[in-house]
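# Chains, contacts and geometry: an overview
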Amino acid sequence: MTCTSIELLKVKAERIIYWVWKFFRTLFPVIDTDILEQVRKKYPESWLIHFDKMLPPDKAHVLRLFKAISEDRNLTAEIREKLIMLALAHDIGKSIVRQNIFTRVIKVVIPIPNRSHPILGARLLKKLNAPSDIVRRVARHHIPAEKDKFLKLFQYYDDNV
Ligand SMILES: [Fe+2]
């Protein structure tokens, strides 16, 4: 076996482990009450009601993002704060599009495009007078970022936690 095929196997094995982990965290979301409290304090008041309507797996994802970004010592305070605000905002459209458990589990295995919640979330945030850069990035958060390096950085966290 060549070095390249071993590397390829390693990448595939890591992907499978990630899918299994994603599958379980979709079925059994963990909500850390301390982090939940910190996250709720961070939300602008007008956004909070929508966060509260999100389903537990979606809330758990926001909490994991908040924790990962907060603990990343490679970020400047300014970038960290901006990433956290985008993390709080990015899936808020899921308070409107509430997927059932079957769809969620299927989406772990089959990459069905996420079209509706970014658009609905961006519309909702615009109505709530959110900053225009957040509205724009929420609308595009599932589209590979080419020129927007900040969105690309955010997508790294979004895809890995
Ligand atoms: Fe999303």
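Look above for the structure.
Quick caveat: nothing in here was measured; it's all calculated off a predicted structure. (Residues numbered from 1 in each chain as written. Predicted model: local features only at pLDDT ≥ 70, side-chain atom pairs only at ≥ 80, totals over all residues. Heavy atoms only, no water.)

## Details of the pattern of salt bridges
Counting across every chain of the model gives nine salt bridges. Residue E37 pairs with K41 through a salt bridge whose shortest N-O separation is 3.6 Å. Linking E37 with K41, this pair stays in helix α2 (residues 33-42), spanning four residues, or about one helical turn. Judged by relative accessible area, which is 45%, E37 ranks as partly exposed. (Salt bridge = Lys/Arg side-chain N within 4 Å of Asp/Glu carboxyl O. Helix = DSSP H or I, 4+ residues; strand = E, 2+ residues; numbered from the N terminus. Buried < 20%, exposed > 50% of the residue type's maximum accessible area, 1.4 Å probe, protein only.)

## Structural notes on the coordination of the iron ion
Donor atoms from the polypeptide that bind the iron ion are D91 (OD), H117 (NE2), H141 (NE2) and H142 (NE2), placed at 2.1 to 2.3 Å. One way to put it: the four donor atoms around the iron ion meet at angles of 84 to 177 degrees, and that makes the site irregular. (Donors = N, O, S within 2.8 Å, 3.2 Å for Na, K, Ca; no water. Tetrahedral: all angles 85-135°; square planar, octahedral: opposite > 155°, others 65-115°.)

## Observations concerning the packing of aromatic side chains
Counted by the stated rule, this structure contains three aromatic pairs. Note on Y43 and W47: the rings are 6.5 Å apart at their centroids and 70 degrees apart in plane angle, and the pair reads as edge-to-face. For the pair shown, Y43 and W47 are each scored as buried. Among the aromatic residues, those joined into a cluster by ring pairs are Y43, W47 and F51. A cation over a ring is seen here: K82 above F150, with NZ or CZ 4.8 Å from the ring centre. (Phe/Tyr/Trp six-rings, centres within 6.5 Å; stacked < 30°, edge-to-face > 60°. Lys NZ or Arg CZ within 6 Å of the ring centre and 35° of its normal.)

## Focus on a nonpolar patch on the surface
Side chains of I16, W19, V20, F24, L27 and F28 sit close together on the surface and give an oily, nonpolar patch of about 580 Å² of accessible area. Structurally, the position occupied by L27 is in helix α1 (residues 3-27). Classification of L27 as partly exposed rests on a relative accessible area of 32%. (Patch = residues over 30% accessible without salt bridge, like charges linked within 9 Å, V, L, I, M, F, W, Y side chains within 5 Å. Areas by Shrake-Rupley, 256 points an atom, 1.4 Å probe, with all protein chains shown as cover.)

## Overview of the nonpolar core
Most often, soluble globular proteins have nonpolar side chains that are buried together. Judged by nonpolar contacts, the single largest core of 34 residues is most densely connected at V39, Y43, W47, F51, I69, L88 and L125. Listed by contribution, the elements that provide at least two residues to this core are α2, α3 (45-53), α4 (56-71), α5 (77-90), α7 (116-127), α8 (132-139) and α9 (149-160). The greatest single-element share of this core, amounting to seven residues, is contributed by α5. Leave out the neighbours within four places in its chain, and L88 touches V39, K42, Y43, W47 and V62. (Core = buried A, V, L, I, M, F, W, Y, C linked by side-chain atoms within 4.5 Å. Contact = heavy atoms within 4.5 Å.)

## A look at the environment of F66
Position of F66 among the secondary structure elements: in helix α4. Look at F66 and you get buried, because its relative accessible area is 8%. Residues F66 and D133, spaced 67 residues apart in sequence, show a C-alpha to C-alpha distance of 19 Å. With residues near it in sequence (within four places) discarded, F66 still touches I35, Q38, V39, K42 and I84.

## Describing α8
The complete set of buried residues in α8 reads I134, V135, R137 and V138. Buried residues belonging to α8 abut α3, α5, α7 and α9.

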